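# Reading the structure
Residue strings, one per chain:
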Amino acid sequence: MSRSNPINLSPIDHLIGEFDTALRAIAGGANYSRPVPKANIQKGLNEEQVLTSDLDLSPQDRTHVAGLMRVNHVGEVCAQALYQSQKFLAKTPETRALLDQAAKEEMDHMAWCEERLKELDSRPSLLNPLWYAGAFGIGLVAGLAGDRWSLGFVAETEKQVERHLDDHLEKLPEADLRSRAIVEQMRIDEIEHGTSAIAAGGQELPRPLQTLMAGISKIMTTTAYKI
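Presented here is an overview of the structure given in this document. (Residues numbered from 1 in each chain as written. Predicted model: local features only at pLDDT ≥ 70, side-chain atom pairs only at ≥ 80, totals over all residues. Heavy atoms only, no water.)

Let us now look at the overall build of the protein. Broken down by element type, the protein carries 9 helices and 0 strands. Seen in sequence order, the protein has helices and strands lined up from the N terminus as α-α-α-α-α-α-α-α-α. Relative to its full complement of 227 residues, the protein shows a buried share of 45%. Nonlocal contacts in the protein, meaning residues at least 24 apart in sequence, comprise 86% of its contacts between residues at least 6 apart. Within the structure as shown, the protein displays about 11500 Å² of accessible surface, and the carbon and sulfur contribution to it stands at 61%. (Helix = DSSP H or I, 4+ residues; strand = E, 2+ residues; numbered from the N terminus. Buried < 20%, exposed > 50% of the residue type's maximum accessible area, 1.4 Å probe, protein only. Contact = heavy atoms within 4.5 Å. Areas by Shrake-Rupley, 256 points an atom, 1.4 Å probe, with all protein chains shown as cover.)

What follows deals with helix α6 (residues 128-144). Compared with an ideal rise of 1.5 Å per residue, which puts 17 residues at 24 Å, α6 spans 24 Å between its outermost C-alpha atoms and is within 8% of the ideal. Every buried residue of α6 is listed here: Asn-128, Trp-131, Tyr-132, Ala-135, Gly-139, Ala-142 and Gly-143. For α6, the buried positions fall inside an angular range of 100° around the axis, keeping them on one side. Looking at α6, the residues exposed on the side facing more than 90 degrees away from the buried face are Leu-130, Val-141 and Leu-144. Phi turns positive, to about 110°, at Gly-146, one or two residues after α6. (Expected span 1.5 Å × (residues − 1). Arc of directions from axis to C-beta.)

Here the focus is the packing of aromatic side chains. A full pass over the atoms with the stated rule returns 2 aromatic pairs. Ring pairing ties together the aromatic residues Phe-88, Tyr-132 and Phe-136, which thus form one cluster. (Phe/Tyr/Trp six-rings, centres within 6.5 Å; stacked < 30°, edge-to-face > 60°.)

Moving on: the pattern of salt bridges. Applying the stated rule across the entire model yields 13 salt bridges. Between Asp-189 and Arg-34 there is a salt bridge, with the nearest N and O atoms lying 2.8 Å from each other. In this pair, Asp-189 is assigned in helix α8 (residues 177-199) and Arg-34 in the loop between α1 (11-27) and α2 (39-43), connecting sequence segments 155 residues apart. You can call Asp-189 buried: its relative accessible area is 6%. Taken together, the salt bridges that share partners define one network made up of Arg-116, Glu-119, Asp-176 and Arg-178. (Salt bridge = Lys/Arg side-chain N within 4 Å of Asp/Glu carboxyl O.)

Relative to the assigned elements, His-73 resides in helix α4 (residues 59-89). Residue classification places His-73 among the buried positions, given a relative accessible area of 0%. Separated by 44 residues in sequence, His-73 and Leu-117 place their C-alpha atoms 8.9 Å apart. Those residues in contact with His-73, other than ones at most four positions away along the chain, are Met-110, Cys-113, Glu-114, Leu-117, Pro-124 and Asn-128.

Residues Ile-138, Leu-209, Leu-212 and Ile-216 make up a contiguous nonpolar surface patch of about 320 Å² in total accessible area. Examining the composition of the nonpolar patch, we find that 3 residues originate from one element, helix α9 (residues 207-224), more than from any other. The topology assignment puts Leu-209 in helix α9. Look at Leu-209 and you get partly exposed, because its relative accessible area is 34%. (Patch = residues over 30% accessible without salt bridge, like charges linked within 9 Å, V, L, I, M, F, W, Y side chains within 5 Å.)

Its location among the elements puts Thr-222 in helix α9. Classification of Thr-222 as partly exposed rests on a relative accessible area of 42%. Remark: the alpha-carbon pair of Thr-222 and Gly-67, spanning 155 residues in sequence, is separated by 9.6 Å. A polar contact of 2.8 Å, which involves the side chain of Thr-222, links it to the backbone oxygen of Lys-218. (Polar contact = N/O pair within 3.5 Å; in protein donor to acceptor, adjacent residues only side chain to side chain.)

Don't take any of this as a statement about function, it's just geometry.
Rendered as structure tokens:
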């Protein structure tokens, strides 16, 4: 399902929009503004080959792919919470606009992963409300530190997400053309988000904080794969 981008919204409209985003992140029903990436564009395959590629997946592969895509979906749930809380505390319109644009693209990612999970007869994480609340709190802390640190947090988050997506591209079955196309486009977008945050003045985070973020991410991904 696609969505339009409204313009000239009132503060109340913005608040309602942010609440709707939070609800979709927690309960499902995310919309996308860009179509789901198609493998045939990248692999030179016709539509029938792409649509039937799932038939090449064994039951074990489908379960494994669903776990990976559930992890990716959780990452996008957290991204929405982070960007929402950071936008609330952004000091400049430029920082707020950068966060808002990135959040819109992350919404695409969330919707793509959600749709892929449905195709695999699976579901998002049952712990999404917990992931969302935790990420929202972390985003508030980053936002309170000021725009440079907030943008640095975005850059470091996206760097870690890029590594995580690289790992998933290694783990996804070669036959799973649909999931691979989604993850590849997500990776491209995440790199752009991190690059934009640095260009806008993001401050590199201290090494201990980077390590802490990686540890939290590991707990989340390990849990979300199963639950």
